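The lines below spell out each chain.
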Amino acid sequence: QPMTVQTMSRLRWALLVVLTTASTAELDEPSMNGPYPPWPPGNPGAPLPSFKPVHRGRSFTVYGDPITTRYSEVFWTAQPPVALPADFVAEYKGKVVSFTGFEVDIIRKLPNGTDVSVPSFEHYNHHYCATIRGAEAKMTYVGARTHLDGVQRRAIEVHPPMWEPRSLPTDQNPNSTVPTAQNFWQGNGNEHRKSFKFLPKGFGQMVHSPEEFILQPMLINTKNPDGSGTRGGPLPKSSMAPPGANYSGLMECPCTTRTEKVITGYTTRASGSCDAHHRVTTAEECFDAAAALVSPLVANVTVSSPTSPPGCFLMAHGDGNSYEVHFNTDTQSTAECGAAAGTSVRSMGWDQSVVFVALDLDEGTGNATITIKGPADVWLGVGFGATAMADLPYTIIVDGGTGAVSERKLGNHDPGTPLPSTVTVVSNTVGPQPSALTAVMRNHWGAAGRKSNASNYQDCAAHCDSDCDCVAWTFDPERFSTPYNLADAVCYLRTSNMDASGKHRGFTDEGWHDGMWSGAKVLGSQLRTVVLQRALAGASPQYFTFDARATGVPFIAAAGTTPTLSYHGQSRGSGAVMLVEAGAPVCLCRGNETGGTINGLTWANNCMPYPATTIARDKNPSCDITTYGGGMICCHHGIHLLDKDQEVPAPTDTVQMKFRFYYEDPDPAATRSAFFMFREVEVAHGEYDVPQCAEGTPASECVHTIVGHFQLKDAMHECHDRSDVWCAPSRPAYPQSDKVQLLHISPHCHGPACISMELINADTNETICKGLPVFGEDSDPMNEAGYLIGIPPCIWGSAEEGLLPPPVLSMETNLTAIKKCNSTYYHYGVMAHWQMRGAWADGPPDLSETIMAA
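So, here's what we can say about the structure. Computed from a predicted structure; not experimentally measured.

Some thoughts on the overall build of the chain
When its secondary structure is counted, the chain shows six helices and 55 strands. For the chain, the residues scored as buried account for 59% of the 854 residues in total. At a minimum sequence separation of 6, the contacts of the chain that also span at least 24 residues come to 78%. By element, 53% of the accessible surface of the chain is carried by carbon and sulfur atoms, the whole surface being about 33000 Å².

Focus: the packing of aromatic side chains
Under the counting rule described, the total for this entry stands at 38 aromatic pairs. For the ring pair Tyr457 and Trp473, a centre distance of 6.4 Å and an interplane angle of 5° mean the geometry is stacked. With Tyr457 in helix 5 (residues 457-466) and Trp473 in strand 29 (residues 472-476), this residue pair connects regions lying 16 residues apart in the sequence. Under the relative-accessibility criterion, Tyr457 is labelled partly exposed at 25%. Classification of Trp473 as buried rests on a relative accessible area of 1%. With 6.0 Å between their ring centres and 70° between their planes, Tyr734 and Trp840 make a pair best called edge-to-face. Taken together, the residues span a long stretch of sequence, with Tyr734 in the loop between strand 45 (703-711) and strand 46 (739-748) and Trp840 in strand 55 (residues 833-840) at a distance of 106 residues. The exposure class assigned to Tyr734 is partly exposed, which follows from its relative accessible area of 25%.

Looking at the nonpolar core
Within the largest apolar cluster, 39 residues are counted, with the highest numbers of intra-cluster contacts made by Met716, Ile745 and Trp834. Counting only elements with at least two residues in this core, the list comes to strand 43 (675-680), strand 44 (688-690), strand 45, strand 46, strand 47 (754-761), strand 48 (766-771), strand 53 (814-822) and strand 55. In this structure, Tyr543, Phe546, Ala557 and Ala559 belong to the second largest nonpolar core, which totals 31 residues.

Side note on the sheet that holds strand 48
Sheet architecture is open: four strands sit in the order 45-53-47-48, paired in antiparallel fashion. Here the strands that pair on one side only, and so sit at the sheet edges, are strand 45 and strand 48. In this sheet, neighbouring strand axes are inclined to one another by 20° on average, regardless of whether the strands run parallel or antiparallel. Relative to strand 53, strand 47 is paired through seven bridges, and the arrangement is antiparallel. Bridge pairing links Ser756 to Lys820 in strand 53.

With respect to the sheet that holds strand 22 (residues 380-384)
Pairing is antiparallel across the open sheet formed by six strands, whose spatial order is 25-24-23-22-36-37. For this open sheet the edge positions go to strand 25 (414-419) and strand 37 (572-578), each flanked by a neighbour on one side alone. Averaged over all pairs of adjacent strands, the angle between their axes in this sheet comes to 30°, without regard to strand direction.

Here's the deal with the environment of Ser798
Within the element layout of this structure, Ser798 appears in the loop between strand 51 (794-795) and strand 52 (808-810). According to the relative accessible area criterion, Ser798 is partly exposed, its value standing at 23%. Distance in space between the C-alpha atoms of Ser798 and Gly202 is 9.2 Å, their sequence separation being 596 residues. Side chain to side chain, Ser798 and Glu801 meet in a polar contact 2.9 Å long.

With respect to the state of the cysteines
Under the criterion given, the structure shown has twelve disulfides. The partner cysteine of Cys286 in its disulfide is Cys312, sulfur to sulfur 2.1 Å. The chirality of the disulfide connecting Cys286 with Cys312 is right-handed, given an S-S dihedral of about 75°. Highlighted residues: Cys286 in helix 4 (residues 283-293) and Cys312 in strand 17 (residues 311-316), separated in sequence by 26 residues. Exposure remark for Cys286: the relative accessible area of 0% places this residue in the buried category.

Here is what the cut-offs are and how they apply
Residues numbered from 1 in each chain as written. Predicted model: local features only at pLDDT ≥ 70, side-chain atom pairs only at ≥ 80, totals over all residues. Heavy atoms only, no water. Helix = DSSP H or I, 4+ residues; strand = E, 2+ residues; numbered from the N terminus. Buried < 20%, exposed > 50% of the residue type's maximum accessible area, 1.4 Å probe, protein only. Contact = heavy atoms within 4.5 Å. Areas by Shrake-Rupley, 256 points an atom, 1.4 Å probe, with all protein chains shown as cover. Phe/Tyr/Trp six-rings, centres within 6.5 Å; stacked < 30°, edge-to-face > 60°. Core = buried A, V, L, I, M, F, W, Y, C linked by side-chain atoms within 4.5 Å. Pairing = 2+ DSSP bridges. Axes fitted to C-alpha atoms, helices over the stretch in contact; angles between N-to-C directions. Polar contact = N/O pair within 3.5 Å; in protein donor to acceptor, adjacent residues only side chain to side chain. Disulfide = S-S within 2.5 Å.

From the geometry alone we can't say anything about function, so treat these as descriptive.
Here is the structure:
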């Protein structure tokens, strides 16, 4: 049964009496969240009694942005990047750092600047995704969370972050295995504060040239709105928390009467195909069914293609927020839904420099669609695959007088030579445009100009319109300029695209934070939009070849001062279109099972069959839209978990997430990369329900169990590139070895009913790791009764540290995962996730080659 803090403490003191090698000073050495609860003696995966749960190396602390919410409100969105400490960034510029562990807390800032930990019954940490990004990567928006995104994300969880690091196309060491980004994910639920996040000596999470921290938290405000400081608050009728429960029913994300659930007779398939009896047979039915399921639909397309699934299917755009619906009339096609080996890739992206540039690269058609927007009365130029004119790029020029489009090979600071035309002009339009371009969520680093007291970004744009000297604007909302100081909103009116040093900056992610908007004036009163199409492959080496599988396309751009091509003056810049793959085809079928949407998200029955997991076999209620009563789909950003007839209490509360990272210099001859591994017992469904045991069942028998079977290789993935945080870097090829040594396993056992999680080597019938949760006993932060406050992880390393040697498993090792929960009461949105770090057991003996290469 689960242990409490007091029980665990008694075990600790019993060990100290018996084992003279341990000392209270060592075990209780101060840390941000210490002391950590000890491991049950003899528990599989536990360290030796002599192990000291103390982090190794130097450390720094960073804070996420302040989060202000009302009672019942869900905060679940990406926060703006936070620059890492300047001295740390400078020390590791062009070098590799090895992170050895981290700690996390939710804090409230007092007026004197002191941090105070917030109890779980006031703000519940459902989970977080945290990333450290290096200089050769860029955070790229990959869309909102849906079931239709196909291959556009690298994340392997069902509800992944909306932003992912992607390697810049200018990365000088693309073949290095030293990562340019890492995620920090172990023990990321409400167990986050008392779960020891640690890697043994000789291993670390390595990052080349670390620069910034990015956080996407999911917090639920459960603070009693009556101001008493006690537990409580209104609950929706669907809450499953029993009367008098010492935990909030909101933490389980109940679907309320505010939840919009649409039931239809259609379902989606991300693999296989619709059989003949369930295939949509007309374009009209296809388009109508899609319109009821997804929004916005930007195109209805009828095709006859042997390479697309027959019948009706959906394609997500690279922005993750819009869709196309296709009807394929080729009934003989054998193509299947979802991504498959050999499937063509379509990627999209855009960037705003002195002109707007968007790319849609489609391997299926072999075409690149290029959109260029800028002032209509001057020439516009975009050079691809370049960061400066010295790169002599292939360039597209749009004439400001006639709108004629031409191609040329630029020279070094000269117009170069014209090239024969290979582009087709799809459209070339000129229309009225407000003098300030549509606002973008970016910073603009131009000359400071003057400040305005605008209260919103629309007013800021209007002030720029009316100011003859203003060429661009940035609206910076009321914000915390430091973790201690609240700054007023301000509107910056820029007088130039150049910064104080004379360098062109323009739109940039640097210095951006949540709520900041920028825009730039169009030099004329009209905006030209040109849509072009040409083959992906260049006609000759003089032309640029577009690659739909690239991470991005760097470009230079200019808007001239005259209608025809001439010297551009200061109106020039550069950028990078970061490419995101559009979704693989997701089939829309007539269903035996009911389909539909919840809060606008298309329902997909992604409960896997046995033996992968037992939840579909056992007909778990979470697997059917008609019986789905609570969980993450009903718990999105900004939602209030109260019924429509319940007024949302007015008081707000502000908290922040606080991270402390521990790091050291890697030993080029010894330090190995601790890579990401992950598996859910509920396999790709992300959560499940715990039905209440039958009335009259003895309490000791009210135990709900799910089981999953997999092989070790199913918990690992090959890297797309070195910015991929969800994979196992390998050299010279993946997999680097057939054997993996396990270093750290954090069981993520969400909810108040967790009993245990167990991972078994099915080939030997030996338990590798057993997670036993620790529950709190009072109302103090990190010891809250009714809440799971920590799960001691399974960790291995060296005898010197007091650790058992890492288990070494082959990629084909068969594993069984078992999760048990107390089913005295019903529970929604329960999770059973194995968050792991491992290292290759064989192959190159060190990382010296890749560290030096980076």
